[in-house]
Amino acid sequence: MHCALRVLRVSPSRAILPVMVSTITLSSAHRVQIEAEARAAFPKECCGLLEGVRDGNVVRVIAVHPACNLSEDADRFEIDPAIQFALMRALRDTEREILGCYHSHPNGKAEPSPRDREGAGEEGFVWLIAGVAADVTLRAFAYCGGEFIPLVLSERRAASGRSPG
Ligand SMILES: [Zn+2]
């Protein structure tokens, strides 16, 4: 038996975390998708939302939802609220939720920018940042207590029915 998830929903846009998030897992397909979006958006920023579940101190990405970047500036992002509200409605009464967001940094730095710090606010929200250089570097953070806490990023192998060899 799995333990029940203990995420307390205060409102659709806020959740209280029972424990500190330390690890994010996503599939290789999710990583490839985000890297491709980051490259396609260059020199602007791509952005989107991460859907998944919280299980103790692990957040597990189940789906990646690209969003229009409404920002006109190259060095910032603004997720289309319509995407966010539609996803919140779709996930209501499920065990899944919006874990956080992702976006790219065309300057190659996979770390929160001063503008990200200004825009952050939701406790426990996960920020996945793709630094675009020769390669795309992915790093994830959880916004906790006014700080971005680095998370361990763990890639799951695709759960296909194929067996190697
Ligand atoms: Zn940023």
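What you see is a predicted model; the values in this text were computed from it and never measured.

Chemist: Account for the overall build of the protein, naming residues and giving values.
Modeler: Within the protein, the regular secondary structure consists of 3 helices and 9 strands. In sequence order, the protein lays out its α and β elements as β-β-β-α-β-β-α-β-α-β-β-β. Looking at the protein as a whole, 29% of its 165 residues are labelled buried.

Chemist: I'd like a description of unusual backbone geometry, backed by residues and values.
Modeler: The linkage connecting Phe42 with the following residue, Pro43, adopts the cis geometry, with an omega of 5°. Tracing the chain through its elements places Pro43 in the loop between α1 (28-41) and β4 (47-55). The backbone of Asp93 sits at a positive phi, close to 65°, despite the residue not being glycine. With respect to the helices and strands, Asp93 occurs in the loop between α2 (81-91) and β6 (97-105).

Chemist: Which residues make up the sheet that holds strand β3 (residues 23-27), and what values do they have?
Modeler: Overall, mixed pairing links the 7 strands, which are arranged β3-β5-β4-β6-β7-β8-β9 in a closed barrel. Shown here is a sheet whose adjacent strand axes are inclined to one another by a mean of 35°, direction ignored. When β3 meets strand β9 (residues 147-156), the two strands line up parallel, connected through 5 bridges. Looking at the pairing, Ser27 lines up with Arg156 of β9.

Chemist: Let's hear about the environment of Val59: which residues, and what values?
Modeler: Relative to the helices and strands, Val59 is located in strand β5 (residues 58-67). We classify Val59 as buried; it has 25 C-beta atoms within 10 Å. Considered as a pair, Val59 and Gly100 are 41 residues apart in the sequence and their alpha carbons are 9.8 Å apart.

Chemist: Talk me through the pairing of β9; I want residue IDs and the actual numbers.
Modeler: As judged from the 5 bridges shared by strand β8 (residues 136-144) and β9, these two strands associate in the antiparallel manner. Bridge assignment links Ala142 to a residue of β9, and that residue is Ile149. Turn length for the β8-β9 hairpin, with the two strands adjacent in sequence and antiparallel, is 2 residues, and the turn residue Gly145 shows positive phi of about 60°.

Chemist: Which residues make up the nonpolar core, and what values do they have?
Modeler: Counting residues in each nonpolar core, the largest one holds 35 residues, and the members touching the most others are Leu50, Val126, Trp127, Leu128 and Ala130. Going through the elements one at a time, β3, α1, β4, β5, β6, β7 (126-132) and β8 are the ones with two or more residues in this core. In this structure Leu50 touches Val61, Val64, Leu99, Gly100, Cys101, Tyr102, Val126 and Leu128, once residues within four positions along its chain are discounted.

Chemist: Help me get a handle on α2, residues and values and all.
Modeler: Burial within α2 is sparse, with just 0 of its 11 residues counted as buried. Backbone geometry just after α2 places Asp93 at a positive phi near 65°.

Chemist: Summarise the environment of Gly108; cite the residues concerned and give the values.
Modeler: By secondary structure assignment, the location of Gly108 is in the loop between β6 and α3 (114-119). Classification of Gly108 by C-beta neighbours within 10 Å gives partly exposed; the count is 14. Each C-alpha atom of the pair Gly108 and Val136 lies 7.6 Å from the other, and the pair is 28 residues apart in sequence. Not counting residues up to four positions away in its chain, the partners in contact with Gly108 are Gly131, Val132 and Ala133.

What counts, and at which threshold
Residues numbered from 1 in each chain as written. Predicted model: local features only at pLDDT ≥ 70, side-chain atom pairs only at ≥ 80, totals over all residues. Helix = DSSP H or I, 4+ residues; strand = E, 2+ residues; numbered from the N terminus. Buried ≥ 20, exposed ≤ 12 C-beta atoms within 10 Å, placed from the backbone. Pairing = 2+ DSSP bridges. Axes fitted to C-alpha atoms, helices over the stretch in contact; angles between N-to-C directions. Core = buried A, V, L, I, M, F, W, Y, C linked by C-beta atoms within 7 Å. Contact = placed C-beta atoms within 7 Å.

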